[in-house]
Amino acid sequence: MLSIKNLHARVEAAEILKGLSLELPAGEVHAIMGPNGAGKSTLSYVLTGRQGYEVTDGTATLDGEDLLSLEANERAARGVFLSFQYPLEIPGVPAMTFLRTAMNAQHKARGEPEVSATEFLKRAREVAGQLKMDFDMLKRPLNVGFSGGEKKRMEIFQMAMLSPRLLILDETDSGLDIDALKIVADGVNALRSPDRAMLVITHYQRLLDYIRPDKVHVLAAGRIAATGGPELAHELEREGYDKYARAA
Amino acid sequence: MTLSLALEARDLSQLPSRRDEDWRWTDLRGLIRELPAPSPEATADVSAGPFGTEGEAELLVVNGRVCGDAGLLVLREGEARVVRLRFVSATAATGHGVKLAVSLAPGAHLTLLESYEGQAPDYLVDAALNVRLETGARLERVVLAGDHAEGVSVSTASVSLAPGADFAQTVLTDGARRQRLETRVEHPGESAVVRMDGAYLIADRRHADLTTAVNHSGTDGTTDQLVKGVVADQGRGVFQGRITVSPGADRTDARMGHHALLLSDRAEVNAKPELLIFADDVACAHGNTVGALDEDALFYAQQRGIPEAEARAMLTEAFIGEVIDRIVHNGAREVARAWAAKRRVG
Ligand SMILES: Nc1ncnc2c1ncn2[C@@H]1O[C@H](COP(=O)(O)OP(=O)(O)OP(=O)(O)O)[C@@H](O)[C@H]1O
Ligand SMILES: [Mg+2]
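Note that the coordinates shown come from a computational prediction; the quantities given were computed from them, not determined experimentally.

Colleague: How would you explain the coordination of the magnesium ion (ligand 2) if you had to name every residue and give the values?
Modeller: Residues and elements named next belong to chain A. Coordination sphere of the magnesium ion (ligand 2), protein contribution only: Ser 41 (OG) and Gln 85 (OE1), at 2.0 to 2.2 Å. Note that Ser 41 is positioned in helix H1 (residues 40-48) and Gln 85 in the loop between strand E6 (80-83) and helix H3 (95-109), a separation of 44 residues in sequence. There is no split in this pair, since Ser 41 and Gln 85 are both buried.

Colleague: Requested: an account of the interface of chain B and chain A, with residues and values cited.
Modeller: Listed per partner, the contact involves 17 residues of chain B and 29 residues of chain A. Of the roughly 1,900 Å² buried at the junction of chain B and chain A (both faces included), carbon and sulfur atoms supply 65%. It is Phe 299, Tyr 300 and Arg 304 of chain B in chain B that bury the most area against chain A; as a group they hold 41% of the surface buried on that side. Asp 296 of chain B is the partner of Arg 50 of chain A in a salt bridge, and the nearest nitrogen-oxygen pair spans 2.8 Å. Counting across the chain B and chain A interface gives 9 residue pairs in polar contact (both at pLDDT 80 or more). The leading source of residues in the side of chain B that touches chain A is helix H2 (residues 295-303) of chain B, at 8 residues. Tallied by class, residues from the side of chain B that touches chain A come to 9 nonpolar, 3 polar and 5 charged.

Colleague: Can you lay out H2 of chain B for me, pointing to particular residues and giving the numbers?
Modeller: Of all the 9 residues making up H2 of chain B, 7 are buried; the element is thus mostly covered by neighbouring parts of the structure. All of the buried residues along H2 of chain B are Ala 297, Leu 298, Phe 299, Tyr 300, Ala 301, Gln 302 and Gln 303 of chain B. Looking at the buried side of H2 of chain B, the elements it contacts are H1, helix H2 (72-77), E6, H3 and helix H5 (148-162) of chain A together with helix H3 (308-324) of chain B. Of the residues that open H2 of chain B, the one with a side-chain oxygen 2.9 Å from the backbone nitrogen of Asp 296 of chain B is Asp 294 of chain B.

Conventions adopted
- Residues numbered from 1 in each chain as written.
- Chains lettered and ligands numbered in written order.
- Predicted model: local features only at pLDDT ≥ 70, side-chain atom pairs only at ≥ 80, totals over all residues.
- Heavy atoms only, no water.
- Donors = N, O, S within 2.8 Å, 3.2 Å for Na, K, Ca; no water.
- Helix = DSSP H or I, 4+ residues; strand = E, 2+ residues; numbered from the N terminus.
- Buried < 20%, exposed > 50% of the residue type's maximum accessible area, 1.4 Å probe, protein only.
- Contact = heavy atoms within 4.5 Å.
- Buried area = accessible area lost by both parts, 1.4 Å probe.
- Salt bridge = Lys/Arg side-chain N within 4 Å of Asp/Glu carboxyl O.
- Polar contact = N/O pair within 3.5 Å; in protein donor to acceptor, adjacent residues only side chain to side chain.
- Nonpolar A, V, L, I, M, F, W, Y, C, P; charged D, E, K, R; others polar.

As structure tokens, then:
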């Protein structure tokens, strides 16, 4: 589904991704682990089209289509979703309004009919219930004054509502308490399906106990330094990144 | 130096110029080379103003002539009504002035839905309101300035309040060739309450100037001001807000906020917020920011699928929404919201 080949990208003047390659087939969940500053969030921004992230070489395709030449919103309409490491606050726009606008924009881009207000509301109640979220929170301006954990839950809420195909979770576990982690992981697992793929960026093995990855990649110094099965995460938890930092 | 003097005396030298400190960003002298002919009596198409059928009465002013009963703006003790006051400039390349008195007896309650409607280019209009609120009177003034892109318009409201009066206003504008909307308030303190909000949404080469001056002369008065603006293209927004707390006006509570977004490199905002405090035990706060739209928030919205132009519009509308939410009259608030949605700039 997602195919990244020899990706080089710079932020400001610094080259952050230095020849990163990764194959993520449909139906699979891959974890990305790696030291602070390795370029994990940079990868997520390059894939989603954030300005200021300049690709200097390499390719990234989604089902064969060049992702990198599309606008950020066009990528979203094709099913790319990023759960942000640091979700933004949108003052003055209630979460529900924001999400409904986003959903309709995606539908429009795909030539699908708009979702009616009642249908949207029904689904929102359902998903909020699954994620054990207070429905009134959805009436507040998006993320404004939300706690760190609430923001992360709101990311997963949006993800579940938009039902994307390529899910990128950037440290969704950070800031979540133990119960919330379980709820969020259940929410993510519910989205696992043969026609979806997930990139799960995390620092902690704990999340991967809930969201079982098919593969684990180590991202160090701007490229994939190692790839293994779930056992690799355990090894990293024990031994850290020393070996990969040296190799880089 | 005022536009109305210049129009009356047909004397260009009476126009305020950039040498007048209060007018330095809204120069009329340098703009107007020749005074136009006086506006004729005209029959304009006045079927529906921007406030539609909100309220129960309408007072029309066409080319400076009051068509109807100006007594609508004079309320007896305890009276209450909602009045649309429409200033229509109907004839191109002409000028006119008009003066009206608004007077509220004790306990009276007026909602004034005031609109400026420019139907032709190149007019000059000067509108002056003299407003008096007696004890316990309440006035909510919502101004929708819809001047022509090539119109020149000055509106000045001089407001004097008795103790315990409540004056609230929201001025909404998308500018004109040159436009000034000015409000001066004599605030007696003594539990009188003032809210003085504004929003400007300016595109193309339009200009809007929101100037306010509040003078607190007695104790325990409140003034709360929130002005927000969005300027695109080569537009220019001017905010001059002065709150003076005179000696003896102790325990005054004065808050002023002015926040503007610049959506292009050539857009301009000139802001001069002033709190002049000569009294004790005064609670004051002010904030003034001019910046760009939050690019991170913009990307966040785009990542969710919202196209850039729509995301920008959504964020700027939400930004202005904070001002609009404070309008008390329900119908006017919805008209204002629709106005902001339609005037999306950038
Ligand atoms: N706007 C920027 N300007 C300059 N350098 C940047 C910018 N954004 C990121 N970087 C640098 O790029 C490198 C990679 O950052 P990135 O956020 O991708 O790391 P990460 O792997 O996600 O780290 P963490 O685990 O701490 O989240 C870091 O050295 C960071 O300082
Ligand atoms: Mg990161």
